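Overview (structure and organization)
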Amino acid sequence: WLAERYCRNPGIRLRAEQGLLKLASLPPAPGDAVLRAALHTMVGVCLWTLAERSAAIHNFDQAIASARESGDPGSLAHALSGRIQAHWAGGQYDEGLRLGDEVERIYRELGDTGALAMITNTRGALLLWRGELRPSLATFETALAFSRQVGWGYGTAMIVGNMSLVYKELGDLAREFG
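Remember, predicted model here, so these are calculated numbers, not experimental data. (Residues numbered from 1 in each chain as written. Predicted model: local features only at pLDDT ≥ 70, side-chain atom pairs only at ≥ 80, totals over all residues. Heavy atoms only, no water.)

**Topic: the overall build of the chain**
Scanning the chain from N- to C-terminus turns up 10 helices and zero strands. Of the regular secondary structure in the chain, the N- to C-terminal order runs α-α-α-α-α-α-α-α-α-α. In terms of C-alpha radius of gyration, the chain reaches 17 Å, essentially the compact-globule figure of 16 Å for 178 residues. For the chain, the spread of C-alpha atoms along the principal axes amounts to about 60 × 35 × 30 Å. Relative to its full complement of 178 residues, the chain shows a buried share of 42%. Counted over contacts in the chain with a minimum sequence separation of 6, partners at least 24 positions apart contribute 50%. Total accessible area computed for the chain in this model is approximately 9,500 Å², and 57% of it derives from carbon and sulfur atoms. (Helix = DSSP H or I, 4+ residues; strand = E, 2+ residues; numbered from the N terminus. Rg over C-alpha atoms; globule rule 2.2 N^0.38 Å. Buried < 20%, exposed > 50% of the residue type's maximum accessible area, 1.4 Å probe, protein only. Contact = heavy atoms within 4.5 Å. Areas by Shrake-Rupley, 256 points an atom, 1.4 Å probe, with all protein chains shown as cover.)

Below is the structure:
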């Protein structure tokens with residue numbers, strides 16, 4: 001919801017797009033690729049929120065290319081996360097899971113437990129949409145543990161909500177949340 005509220009402000013997207021134009025007009029400098037990746041990711045998220053899917057995907061792909069160019073793992077993980085959402089929405093769950101493996105590996109190497117909670121929650125959702133209920137539930141339980149470890153209240157609530165969808169499909173809602 002935060003990204004949605006943030007990106008519905010047209011000034012945010014405009015500033016990110018202006019940043020990309022300005023960056024393109026300057027002589028190359030160290031850190032350009034990381035900045036370009038972050039700006040393309042922001043534009044992509046904003047466009048995605050506004051249901052401008054093809055333009056969003058283009059920006060996510062540009063973000064990934066810039067992040068790979070930069071060699072910065074955190075930048076790459078962030079850029080890939082936007083593309084995973086596009087795969088999810090397009091029903092390309094296997095590709096989303098494949099990219100999720102890469103993102104999870106990066107966040108484990110970085111020791112970023114909060115980000116692990118987010119990507120693990122996303123993995124659980126992809127599995128749920130693919131119809132793999134028990135693996136989805138186990139993945140959400142892992143995400144919940146990460147979320148609680150870092151004290152991420154909103155994330156914990158979101159993950160528990162996702163778990164309730166699985167319990168409902170399994171017919172266990174009353175037993176688990178009653």
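**Structural notes on the packing of aromatic side chains**
Per the stated rule, a full pass over the model turns up two aromatic pairs. Lying across the ring of Trp48, Arg53 places its NZ or CZ 4.1 Å from the centre. (Phe/Tyr/Trp six-rings, centres within 6.5 Å; stacked < 30°, edge-to-face > 60°. Lys NZ or Arg CZ within 6 Å of the ring centre and 35° of its normal.)

**Observations regarding the side chain of Asn121**
The residue Asn121 is located in helix α7 (residues 113-129) in this model. For Asn121, the residues in contact, after removing those within four places along its chain, are Phe140, Ala143, Met158, Ile159 and Asn162.

**A few points about the environment of Val45**
Assignment of secondary structure puts Val45 in helix α3 (residues 32-49). When the C-alpha atoms of Val45 and Ile57 are compared, they prove to be 9.2 Å apart, with 12 residues separating the residues in sequence.

**Some remarks on the packing of helix α5 (residues 73-89) against helix α6 (residues 93-110)**
At a minimum axis separation of 9 Å, α5 and α6 run at an interaxial angle of 155°. The angle between α5 and α6 places the two elements in the roughly antiparallel class. Here α5 runs over α6; the crossing is left-handed. Here Pro73, Gly74, Leu76, Ala77, His78, Leu80, Ser81, Arg83, Ile84, His87 and Trp88 of α5 come into contact with α6, specifically with Tyr93, Glu95, Gly96, Leu99, Gly100, Glu102, Val103, Ile106, Tyr107 and Leu110. Here the residues of the contact of α5 with α6 are counted per class, giving 12 nonpolar, six polar and three charged. (Axes fitted to C-alpha atoms, helices over the stretch in contact; angles between N-to-C directions. Parallel < 35°, antiparallel > 145°, perpendicular 65-115°, else oblique. Left-handed = near helix turned anticlockwise from the far one by under 90°. Nonpolar A, V, L, I, M, F, W, Y, C, P; charged D, E, K, R; others polar.)

**Things to note about α3**
Its 18 residues give α3 an end-to-end C-alpha distance of 26 Å, which sits within 8% of 26 Å, the value for a rise of 1.5 Å per residue. All buried positions along α3 are accounted for by Asp32, Ala33, Ala37, Leu39, His40, Thr41, Val43, Gly44, Cys46, Leu47, Trp48 and Thr49. Ala51, located one to two residues past α3, shows a positive phi value of around 65°. (Expected span 1.5 Å × (residues − 1).)

**So, α6**
The terminal C-alpha atoms of α6 lie 25 Å apart, and with 18 residues this matches the ideal 26 Å at 1.5 Å per residue to within 8%. Inspection of α6 places Tyr93, Gly96, Leu97, Leu99, Gly100, Glu102, Val103, Glu104, Ile106 and Tyr107 among the buried residues, and these make up the whole buried set. Those residues of α6 hidden inside the fold are in contact with α4 (53-70), α5 and α7. Gly111 sits one or two residues past α6 and shows a positive phi near 70°.

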